[in-house]
Amino acid sequence: MITAKNLEVRAGKKVLLSIPHFELQEGEVLGIMGPNGAGKSTFIKALALLEKPSQGTIFLKGKDITNDLTLDMRRRFAVAMQQPLLLDTTVFQNVAVGLKLRKLPRQEVKQKVAYWLEKFQISSLAKKHGANLSGGEAQRVNLARAMVLEPEVLFLDEPFSALDFPTKVQLLKDIKSIIQQTNTTTVFVSHDLMELKFLADTLAILMDGDLKQTGPTEEVLASPNSSTSGFINDWQSLLN
Amino acid sequence: MELLLEGLKKAIEMILSGDPEILEITLLTLKVSITAVLISTLIGIPVGMFLGLARFPGRKFILAIINIGMGLPPVVAGLWITLFLWRSGPLGDLAWLYTPTAIIMAQILVSLPIVTALTSTAFQQINPKLILQVKALGATKLQLYWILTKEVKLAILAAIIAGFGRVIAEVGAAMMVGGNISGETRILTTSIVMEVSKGNFDIALALSFILMTLAFIITFSLTYLQQRKRSL
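Here is a short report on the structure shown in this document. All of these numbers come straight from a predicted model, not from anything done at the bench. (Residues numbered from 1 in each chain as written. Chains lettered and ligands numbered in written order. Predicted model: local features only at pLDDT ≥ 70, side-chain atom pairs only at ≥ 80, totals over all residues. Heavy atoms only, no water.)

## Topic: helix H7 (residues 141-151) of chain B
So, step 1. Those residues of H7 of chain B not exposed but buried are Gln143, Leu144, Ile147, Leu148 and Thr149 of chain B.
So, step 2. Along its buried surface, H7 of chain B packs onto helix H3 (91-101) of chain A together with helix H2 (20-53), helix H5 (100-124), helix H6 (128-136) and helix H8 (153-168) of chain B. (Buried < 20%, exposed > 50% of the residue type's maximum accessible area, 1.4 Å probe, protein only. Helix = DSSP H or I, 4+ residues; strand = E, 2+ residues; numbered from the N terminus. Contact = heavy atoms within 4.5 Å.)

## Focus on the interface of chain A and chain B
So, step 1. Contacts between the two partners involve 28 residues from chain A and, on the opposite side, 19 residues from chain B.
So, step 2. Buried surface at the junction of chain A and chain B, summed over both partners, amounts to about 2,100 Å²; 56% is from carbon and sulfur atoms.
So, step 3. At the boundary of chain A with chain B, the tally comes to eight residue pairs in polar contact (both at pLDDT 80 or more).
So, step 4. Of all the elements in the fold, those that place two or more residues in the side of chain A that touches chain B are helix H2 (71-74), strand S6 (77-80), H3 and helix H5 (135-147) of chain A.
So, step 5. In terms of residue class, the side of chain A that touches chain B is built from 13 nonpolar, six polar and nine charged. (Buried area = accessible area lost by both parts, 1.4 Å probe. Polar contact = N/O pair within 3.5 Å; in protein donor to acceptor, adjacent residues only side chain to side chain. Nonpolar A, V, L, I, M, F, W, Y, C, P; charged D, E, K, R; others polar.)

## Looking at the packing of H5 of chain B against H8 of chain B
All names here are of chain B.
So, step 1. Where H5 meets H8, the closest approach of the two axes is 8 Å, and the angle between their N-to-C directions is 160°. On the basis of their axis angle, the class for H5 and H8 is roughly antiparallel. Regarding H5 and H8, the two cross each other, and that crossing is right-handed. Across from Gln107, Val110, Ser111, Ile114, Val115, Leu118, Thr119, Ala122 and Phe123 in H5, the residues of H8 making contact are Ala155, Ile156, Ala159, Ala162, Gly163, Arg166 and Val167. (Axes fitted to C-alpha atoms, helices over the stretch in contact; angles between N-to-C directions. Parallel < 35°, antiparallel > 145°, perpendicular 65-115°, else oblique. Left-handed = near helix turned anticlockwise from the far one by under 90°.)

## Some points on the sheet that holds strand S8 (residues 185-190) of chain A
Residues and elements named next belong to chain A.
So, step 1. Pairing within the open sheet is mixed, and its six strands lie in the order S6-S7-S8-S3-S9-S10. In this open sheet, the two strands that pair with only one neighbour each are S6 and strand S10 (210-216). Ignoring which end each strand starts from, the neighbouring axes of this sheet average 15° apart.
So, step 2. Relative to S8, strand S7 (residues 153-157) runs parallel, the two sharing five bridges. Looking at the pairing, Phe155 lines up with Val187 of S8.
So, step 3. With respect to the sheet, helix H1 (residues 40-47) is in contact with strand S3 (29-33), S6, S7, S8, strand S9 (202-207) and S10, its orientation differing from that of S7 by roughly 155°. (Pairing = 2+ DSSP bridges.)

Okay, here's the thing in structure tokens:
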């Protein structure tokens, strides 16, 4: 689905990201884990075409899209960030915003928004203002706002990190079921191993701007390499 | 107290009698003030947005100049406009001095920095991640700016209210560039100054009540628009 070669993102002279090779298969749910400052969000921004890489090539279904930061290309993806960042309007309008930006007919917008509000069990909140929601409700709106776009690739940048445990567990279950039902290719960034074990088929460990290990989640966790063992074992010991 | 009551009585009488001169002064006041605020808004919002969102060398200097402009004494604004519109000035051929256009120009000069500076501050306070999120939702540049403007609409309306407050209360510049000519450039504030200088306190008070009523109605309408209740 997405391939990246010799991807490099710099801020001035500082190298934020340097990834020789990366591949994401269609329908894959890839988890990206790493410590703070490892470059996880930078990686997502580069893959989602929100930031042009300083070097390297990104292919979408075999087509080089590195220099094609066009609207059409960007509109094939959706991103849900850590903070819900809802607009100053109702839940319905928040979920509808991406469809309206694409100038879809009003009736179609209405139908799609109603469907995804139902999917995320927030239909009753449709008329509520975004500012009056709880953290869990706001994150559901954020995810519905991304999924309503029916993206080819969904990017999730730590959307569960600020939620309390029961809310997080329920939302993880719901998003997993939705991703499976829709077979949406997903890149999921987190620094929480529990979330990743639950959601991701494959796991990539990003440290110091580079992917140190990639593979099926259970495999990476069972056999960390010399670069990732310290980081993974610290997490495993916490969970055990 | 007696003087105040007399003034209020006189104001009501003037309004009820439909005095054509008062009506003319009031309409001209509304016309110049609303035009000045409208032009300041049309220029100030995009410029403020640009200064709030863009990063370029010299931006801080420009912001400092605009902030200084917020405190620009109206008589200084009046003096500049007079020099520009004076017969031998750069815009002298237009013959705008002592016309309502000159008053509008002076009022723009005092209200534009307010609208621009407050709008710029509003845009600077937007979370950069929100900009990225709106972009990720598939917004074009124009759609992005429109959404961000809606996000800071409360602050923008506050900027317009502040600009209007400055314009409706302005007297020094209007007197200097308009000349307070009866039937031509006389507005409520300049009339009040003239009536006080003539010792006609009752008429001055009456005019001030009309001015305050106008200011109240317009500011109240803008505030109502700003504070429209969020649906729960």
